[in-house]
Amino acid sequence: MEQKNEWIIGREGDIKVSDGRVSRRHARVTRGAEGVFIEDLNSTAGTYVNGKLVKRKKIDVHDKVTLGTEYVLDVAGLLAAMPMSDAEFTESFRLLKEVYDTYNRTKIRIQSRSQGKMMLKRSLPMAVPGLLIALVGGRDSSFMIVGTVLSALAVIGGSVWGAKEMEKSPERLWQLDEQFKIDYACPDCKKPFGAHNSWESLRRQGQCPYCRRKFNVK
C-alpha cells in the first residue's frame, strides 16, 4: 500500500471494498497535525466507531471501525500507510504527560486506601442516626439503648462494607495497569513506554527509546 495522508474508502475508492452494503464513496480517512480522522461521506449504511454511528471521529489503532453493517476496516494497516508528521508526533507525545500523571495519581489513591481508613469512612456516616437518637433521648434509657444498638450495627456494617471495597483494590490496580499499557505508548511505533519511563525523562531524551523517532517538547 502506498503512503499518503488521505484515503477514500468504498466500492470505487482508493481502498476498494467489494461489499454491496458499502457505498461507492463511503468514507474518507485523513491524517493531519491533530491526528487521524474518519469522515462518513453521506453513506447509505453509515460508519461506526466502536459500535457508535459517527459523522466524523478521531481514531487510532485500538478502535474498531465498521463500514455499513459488516465490513471492518483494517485500521492498523491503514495507519501504517499514513505517515505521521513531526508536528503530530510531537503534539501526541506532549499529551502523554497527562496520561502519565493521571495514572500515578490514580494508583496512589487506590493504594492509600488502607482498610482502617476505608472502614472508618464507611462506618461514621452510618452511625450518625444512632448517635442522634441517643442525644435526643437524653436520660431516657430506651432511647439510649436504641441509639447505641443502631450505632454499633452501623460500625459493623461499615466494617464489612469497607473490607469488601478493599478486596477490589488488586483488580482495580490490574485494570489501571492494563489500560496504561495501551495509553502510555509511542504515538508512532505504539510500543508501551512503561511506568519506569517517566514522561519527563522521555522528554529530556527527546526521542522514542524504541523507534528512535525524535520530538521536541519544551
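All figures in this text were calculated on a predicted structure; none of them were measured in a lab. (Residues numbered from 1 in each chain as written. Predicted model: local features only at pLDDT ≥ 70, side-chain atom pairs only at ≥ 80, totals over all residues. Heavy atoms only, no water.)

Explanation requested: the layout of surface pockets in the structure shown.
A probe matching the size of a water molecule, rolled over the atoms, marks out where space remains unfilled. Volume-wise, the largest pocket comes out at about 530 Å³. What lines the largest pocket is a set of 24 residues, among which Asp60, Ser92, Asp183, Pro187 and Lys190 lie closest to the centre. The set of elements that each furnish at least two residues to the lining of the largest pocket consists of strand E4 (35–40), strand E7 (56–59), helix H2 (86–111) and helix H5 (169–183). Ranked by residues supplied to the lining of the largest pocket, first place goes to H2 with five residues. A class-by-class count of the residues in the lining of the largest pocket yields 12 nonpolar, four polar and eight charged. Put simply, the second largest pocket is a space of about 160 Å³. The element that contributes the greatest number of residues to the lining of the second largest pocket is helix H1 (residues 75–80), accounting for three residues. (1 Å grid on protein atoms, 1.4 Å probe; cavity = no way out; pocket = protein on both sides within 12 Å on 5 of 7 lines; lining within 4 Å. Points joined across faces, edges and corners; volume = space filled by probe spheres on them. Helix = DSSP H or I, 4+ residues; strand = E, 2+ residues; numbered from the N terminus. Nonpolar A, V, L, I, M, F, W, Y, C, P; charged D, E, K, R; others polar.)

Teacher, can you tell me more about the pattern of salt bridges here?
Between side chains of opposite charge, pairing is possible as soon as their charged atoms come close. Per the counting criterion, the structure on display carries 14 salt bridges. With a closest N to O distance of 2.5 Å, Arg94 and Glu91 form a salt bridge. Residue Arg94 and its partner Glu91 are located together in helix H2, separated by three residues, close to a single helical turn. Classification of Arg94 as partly exposed rests on a relative accessible area of 40%. Given a relative accessible area of 31%, Glu91 falls into the partly exposed group. (Salt bridge = Lys/Arg side-chain N within 4 Å of Asp/Glu carboxyl O. Buried < 20%, exposed > 50% of the residue type's maximum accessible area, 1.4 Å probe, protein only.)

For this particular structure, what's the right way to read the packing of aromatic side chains?
Here a ring pair, both rings aromatic, is described through the centre-centre distance and the interplanar angle of the planes. Applying the stated criterion across every chain yields a total of nine aromatic pairs. Arranged with centres 4.9 Å apart and planes meeting at 15 degrees, the rings of Phe180 and Tyr184 form a pair that is stacked. The same class applies to Phe180 as to Tyr184, namely buried. Their ring planes at 70 degrees and their centres at 5.5 Å tell us that Tyr184 and Phe193 sit as a pair that is edge-to-face. Put simply, the rings of Phe89, Phe93, Tyr100, Tyr103, Phe180, Tyr184, Phe193, Trp199 and Phe215 touch in pairs and so form one group of aromatic residues. A cation over an aromatic ring shows up here: Arg56 above the ring of Phe37, its NZ or CZ 4.1 Å from the ring centre. The residue whose ring lies beneath Lys97 is Trp199, and the NZ or CZ to ring-centre distance is 6.0 Å. (Phe/Tyr/Trp six-rings, centres within 6.5 Å; stacked < 30°, edge-to-face > 60°. Lys NZ or Arg CZ within 6 Å of the ring centre and 35° of its normal.)

So what exactly am I meant to see when it comes to the sheet that holds strand E5 (residues 47–49) here?
Within a sheet, neighbouring strands are paired by backbone hydrogen bonds and run either parallel or antiparallel to one another. Spatial strand order, E6-E5-E8-E9: four strands in an open sheet with antiparallel pairing. This sheet does not close on itself; its edge strands, each paired only once, are strand E6 (52–54) and strand E9 (71–72). Across three bridges, E5 lies against strand E8 (residues 65–67) in antiparallel orientation. The residue of E8 that forms the bridge with Tyr48 is Thr66. (Pairing = 2+ DSSP bridges.)

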